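Secondary and tertiary structure notes
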Amino acid sequence: MILEFWGTRGSYPVAGREYLRFGGATACASLAVDEEFLLVIDAGTGIRKLGECLEQGKKIKRVFLFLTHFHLDHVSGLPSFASLYDPEFTLVIYSPVSASETRRQLDRLMGGRFFPVSFSATGCQKEVRPLRSKITLGPLTVYSFPLPHPQGNVGLRFAEGGRSVVFATDAEPVGGRWSREVIEGVREATCLIAEGMFTPEEYRRGKKGWGHGTWKDAVRLAREAKCQQLILSHWNPGHEDEKIKAIIDQAREKFSPVYGARPGLKLKI
């Protein structure tokens, strides 16, 4: 499996020289099994660059998009996804709500006075499917499990041949502790992607209940679940590159190996 990040920022996109290394685009990653089998996780503004690459390459004409939830930093890039307008392209969407509710929410995102073309009216072929606790896609088995986040969120585990990649950002441990359900969903992952949204100091200064944890919470989850490696992502839009570098260095003192997600980071799992 080839894991690649296209957007790693949380909450809203940012721009400027102080964000060049870890990027300003919001949540989007891809997981490739071969040259024609591609899964995409979330549709933040990072999906725009992915769409450009797909249209240039023209090899992949069918993509499976997994939406963890509908907060704007995870869906607002969809209108800029070039493949959405390609009549020869098929977009298969999995989301934690029903197919009809998914279409309704995406038509709200792109409808009315907010965008000139509704989601339903775009040119690509569309299939919308509910995300179940376990599904099989080609050689992959995909598991989903709930994460503690306002209005709901799901973690995703992609497993194949004894290897697994788990996405578990946008999660706040309840009472400072991870639930057994979350720990089991992450258990012994080859690669865990969790968030470094807040520092412990920021969290104590009024961020409790916002639905996001600290980098220390991510490290603790990786340790408790006995994961092989941790990738911190979903960066705070108020954190510049130097701040993020310092967070990664601190995390590496507690757990190894730790990576910092950034657009263009590509790992073979």
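Located above this text is the structure these notes cover.
Residues numbered from 1 in each chain as written. Predicted model: local features only at pLDDT ≥ 70, side-chain atom pairs only at ≥ 80, totals over all residues. Heavy atoms only, no water.

Side note on the environment of Arg 220
Here is the rule we go by: Put simply, DSSP H or I for four residues or longer makes a helix, DSSP E for two residues or longer makes a strand, and each gets a number counted from the N terminus. Residue contacts are counted whenever heavy atoms from the two residues lie within 4.5 Å of one another. Two N or O atoms form a polar contact when they lie within 3.5 Å of each other; inside protein one atom must be a possible hydrogen donor and the other a possible acceptor, and for residues adjacent in sequence the pair counts only when both atoms belong to side chains.
Secondary-structure assignment places Arg 220 in helix 5 (residues 215-224). Between the C-alpha atom of Arg 220 and that of Ala 251, which follows or precedes it by 31 residues, the distance is 10.0 Å. When near neighbours in sequence (up to four residues on either side) are disregarded, Arg 220 contacts Pro 173, Gly 176, Arg 177 and Trp 178. Only 2.6 Å separates the side chain of Arg 220 from the backbone oxygen of Gly 176, close enough to count as a polar contact. In terms of polar contacts, Arg 220 uses its side chain to reach the side chain of Asp 217, at 2.9 Å.

Details of the sheet that holds strand 10 (residues 163-168)
Rules: Two strands are counted as paired when DSSP detects at least two bridges linking them. Think of each axis as a best-fit line through the C-alpha atoms, taken over the contacting stretch in the case of a helix, with angles from 0 to 180 degrees between the N-to-C directions.
Strand order in the open sheet formed by seven strands is 7-8-9-10-11-12-13, and the pairing between neighbours is mixed. What marks the edges here is a single partner per strand, and that holds for strand 7 (134-137) and strand 13 (258-260). Neighbouring strand axes in the sheet, compared pairwise and without regard to direction, differ in orientation by 20 degrees on average. The sheet strands contacting helix 6 (residues 241-254) are strand 12 (230-233) and strand 13, and the helix crosses strand 13 at an angle near 170 degrees.

Looking at the side chain of Ser 144
Position of Ser 144 relative to the elements: it lies in strand 8 (residues 140-146). Engagement of the side chain of Ser 144 in a polar contact is seen with the backbone oxygen of Arg 132, the distance being 2.9 Å. Apart from residues lying up to four places away in sequence, Ser 144 is in contact with Leu 131, Arg 132, Ser 133, Gly 155 and Leu 156.

Things to note about the pairing of strand 11 (residues 191-195)
This is how the line gets drawn: For every residue, the accessible area obtained with a 1.4 Å probe (protein chains only) is divided by the maximum for its type, and the residue is called buried under 20%, exposed over 50%, and partly exposed between those limits. Orient the strands so they point away from the viewer, and a crossover whose first-strand-to-second-strand path over the helix runs clockwise is right-handed.
Counting buried positions along strand 11 gives five out of five residues, so the element sits mostly inside the fold. Across the two faces of strand 11 the burial is the same, with Cys 191, Ile 193 and Glu 195 and Leu 192 and Ala 194 all buried. By the bridge criterion, four bridges tie strand 10 to strand 11 in an arrangement that is parallel. Note on strand 11: the bridge partner recorded for Ala 168 is Ala 194. Between strand 10 and its parallel partner strand 11, the chain crosses via helix 3 (residues 180-186), and the hand of that crossover is right-handed. Pairing of strand 11 with strand 12, which is carried by four bridges, proceeds in the parallel orientation. Within strand 12, the position partnered with Ile 193 by the bridge is Ile 231.

Describing the packing of aromatic side chains
Convention followed: Only Phe, Tyr and Trp rings take part, Trp by its six-membered ring, and two of them pair if their centres are within 6.5 Å. Stacked means planes under 30 degrees apart, edge-to-face means over 60, and tilted covers everything else. Criterion for a charge above a ring: Lys NZ or Arg CZ within 6 Å of the ring centre, and within 35 degrees of the ring normal.
Using the criterion set out here, one finds seven aromatic pairs in the structure. Aromatic side chains Phe 66 and Tyr 94 sit 5.0 Å apart centroid to centroid with 10 degrees between the ring planes, which places their arrangement in the stacked category. In this pair, Phe 66 sits in strand 4 (residues 62-66) while Tyr 94 sits in strand 5 (residues 90-95), placing the two residues 28 residues apart along the sequence. Between Phe 158 and Phe 167, the aromatic rings sit 6.1 Å apart at their centres with planes inclined by 90 degrees, giving edge-to-face as the arrangement. Given a relative accessible area of 0%, Phe 158 falls into the buried group. Three or more aromatic residues joined by ring pairs form one cluster here, namely Phe 66, Tyr 94, Phe 158 and Phe 167. Taking the ring centre of Phe 119 as reference, the NZ or CZ of Lys 126 above it sits at 5.6 Å.

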